[in-house]
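Chains, contacts and geometry: an overview
Given next are the chains, with one letter for each unit.
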Amino acid sequence: MNLQKLDPGKIGKREIIRILETTHPDELREIYDYACKIRNETIGNKVYTRALIELSNKCQKDCLYCGIRASNNKVKRYELSDEEVLKTVNGALAEGYKSFVIQSGERQDSAFVNRISQLLQQIQKFGDNKIRITLSCGEQHPETYIKWKKAGADRYLLRFESSDQKLFETIHPNNQKHKYNDRIAAIVNLRKAGFQVGSGMMIGLPGQTLEMLADDLCFLKELDVHMVGMGPFLEHPDTPLSKSGTGIHESERYRLALLCVSALRILMPKINIAAATALDSINAMGRLDAIEAGANVLMPNCTPLNVRENYFLYKKKSHLTESRQLLQKFISNQNNRGFILNMNAWGDSRAYKN
Ligand code: 5AD
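This report concerns the structure included in the present document. A quick note: this is a predicted structure, and the numbers were derived from the prediction, not measured. (Residues numbered from 1 in each chain as written. Predicted model: local features only at pLDDT ≥ 70, side-chain atom pairs only at ≥ 80, totals over all residues. Heavy atoms only, no water.)

1. Observations concerning the packing of helix H1 (residues 13-20) against helix H8 (residues 210-223)
Interaxial distance between H1 and H8 falls to 9 Å at its minimum, and their mutual angle equals 125 degrees. What the angle tells us is that H1 and H8 run oblique. Handedness of the crossing formed by H1 with H8: right-handed. Residues Lys13, Ile16, Ile17 and Leu20 of H1 touch H8, and the partners they reach there are Leu210, Glu211, Leu213, Ala214, Asp215, Leu217 and Cys218. Within the contact of H1 with H8, the residues separate by chemical class into eight nonpolar, no polar and three charged. (Axes fitted to C-alpha atoms, helices over the stretch in contact; angles between N-to-C directions. Helix = DSSP H or I, 4+ residues; strand = E, 2+ residues; numbered from the N terminus. Parallel < 35°, antiparallel > 145°, perpendicular 65-115°, else oblique. Left-handed = near helix turned anticlockwise from the far one by under 90°. Contact = heavy atoms within 4.5 Å. Nonpolar A, V, L, I, M, F, W, Y, C, P; charged D, E, K, R; others polar.)

What follows is the structure in C-alpha cells.
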C-alpha cells in the first residue's frame, strides 16, 4: 500500500479496510510509523495521562460481555466512599496527575446522580479548579449530563460498542434498557451539554467483520468525537458472550486493535486516542504498542487496590500493575520509542473547540 497517498483526514472506508487487512510485519510497522508521523506533525509527540478511579461496580445494565453486569452474582459489589475517592485523588495529585477519569457501573437513580455532582465539586475544589475531570458513567438523562457538566466534569466517555445495530443487539439483552438508538442519542446529548466527548468500540466481537470495523471508524468521524477509546474484546468467563467464542484469535484482535488506532489517527489526526488497557491483557507491552501505533493518551489505573479485583469488566492480567510501575515503564521507553510522557498538562483534545 502506498501510504503517502493516504491523506490525513481524507481517507475513506476502502482505504481503512485495506489498512485493516494488513498482516505482514514490515507493512504493519510502516503503517504504525506513518500514523505516528501524522500524530507528531499534527498534535505533537506528547503522551498525556489520566488517573483512572473505578468508583463503583454496581450496575443496572446487563451487557452480555461485561463482568460487572447486573446478573453476575459472583461479583462482590462495592462503592468507594467520598473519603476513599478524595484520598485517591490526593495521591494522584502528589504523583503529578492533572487529569482524572471517574468510571462507574451505570445507575440513573437520583442518589447516584446527586452523589456524582457532589463528588465533582469536591474533587475540583481539591484540585484547586486546576484539573480536568472525565466521567465514564454510562447513559443518562440529558438533564443529568447538563448537571454533571455544571458540577465540574469536562469530558465524558461513552462507547457505542458497535455502530452496527444488528451486532449491537447481539451483544446486549433485548429490552428497554439496552437500545441502540438510546446509546447514539446519549452521545449526541453529551455533545449538546458541552462536553469533550469520547466514544469507541470493542474489536474482535463474535460476528464482527473488517467492514463493520471500518464503518465504526467512519462513524466516529461522522459523530465528530474529540476522543476515542477502543480495544480488543476479551471474554469474561462469567458472562454469556464468553460462551459463544469469537472465532477471532487474541493475537488477531491485538493486531486489529493497533491497526484501528493507526487508521483512526490517519482519519482524525487531531483527536485524543487512548491506549486501551485491555491490550495489556494480551501483551504486557500492549499500551506501549498502541502509543507506537498513533495513540496519545494513557490512563493508569489508580483505583485503591483493595477493590480493584472487583472491577473486572474482562479477564485481566495486568490488574495489579500500579500506576507508578506503569509510568516508569513509559518513562524508561520514551526516548527510543519517539514520544514524551507529559503528566503536567490537561491534554485537552485539539479537536475540541470551546
Ligand atoms: N472486553 C473488552 N472490553 C470490555 N468492556 C466491557 N466489557 C468488556 C470485555 N469483555 C469495555 C466496553 C465499555 C468499557 C468501559 O469497557 O467497551 O464501554
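Now that the structure has been shown, the text picks up again.
2. A look at the pattern of salt bridges
Tallying each qualifying case throughout the model produces 25 salt bridges. In this structure, arginine 115 and glutamate 79 form a salt bridge, with 3.0 Å as the shortest nitrogen-oxygen distance. Here arginine 115 is found in helix H4 (residues 110-126), whereas its partner glutamate 79 is found in the loop between strand S2 (51-56) and helix H3 (82-95), with 36 residues between them in sequence. Judged by relative accessible area, which is 30%, glutamate 79 ranks as partly exposed. Taking the shortest distance from any N to any O, the salt bridge between glutamate 292 and arginine 337 comes out at 2.7 Å. Of this pair, glutamate 292 sits in helix H11 (residues 286-292) while arginine 337 is found in helix H13 (residues 323-337), placing the two residues 45 residues apart along the sequence. Look at glutamate 292 and you get buried, because its relative accessible area is 18%. Each of Lys58, Glu79, Asp82, Arg107, Asp109 and Arg115 takes part in one network of salt bridges that share partners. (Salt bridge = Lys/Arg side-chain N within 4 Å of Asp/Glu carboxyl O. Buried < 20%, exposed > 50% of the residue type's maximum accessible area, 1.4 Å probe, protein only.)

3. Focus: the pairing of S2
When you tally the buried positions in S2, you get six out of six residues, the bulk of the element. Where S2 and strand S3 (residues 99-104) come together, five bridges link them in parallel fashion. Bridge pairing in S3 places leucine 52 opposite valine 101. Traced from S2 through H3 to S3, the parallel crossover comes out right-handed. (Pairing = 2+ DSSP bridges. Right-handed = clockwise from strand over helix to strand, strands pointing away.)

It is worth stressing that arrangement in space is one thing and function is another; only the former is reported here.
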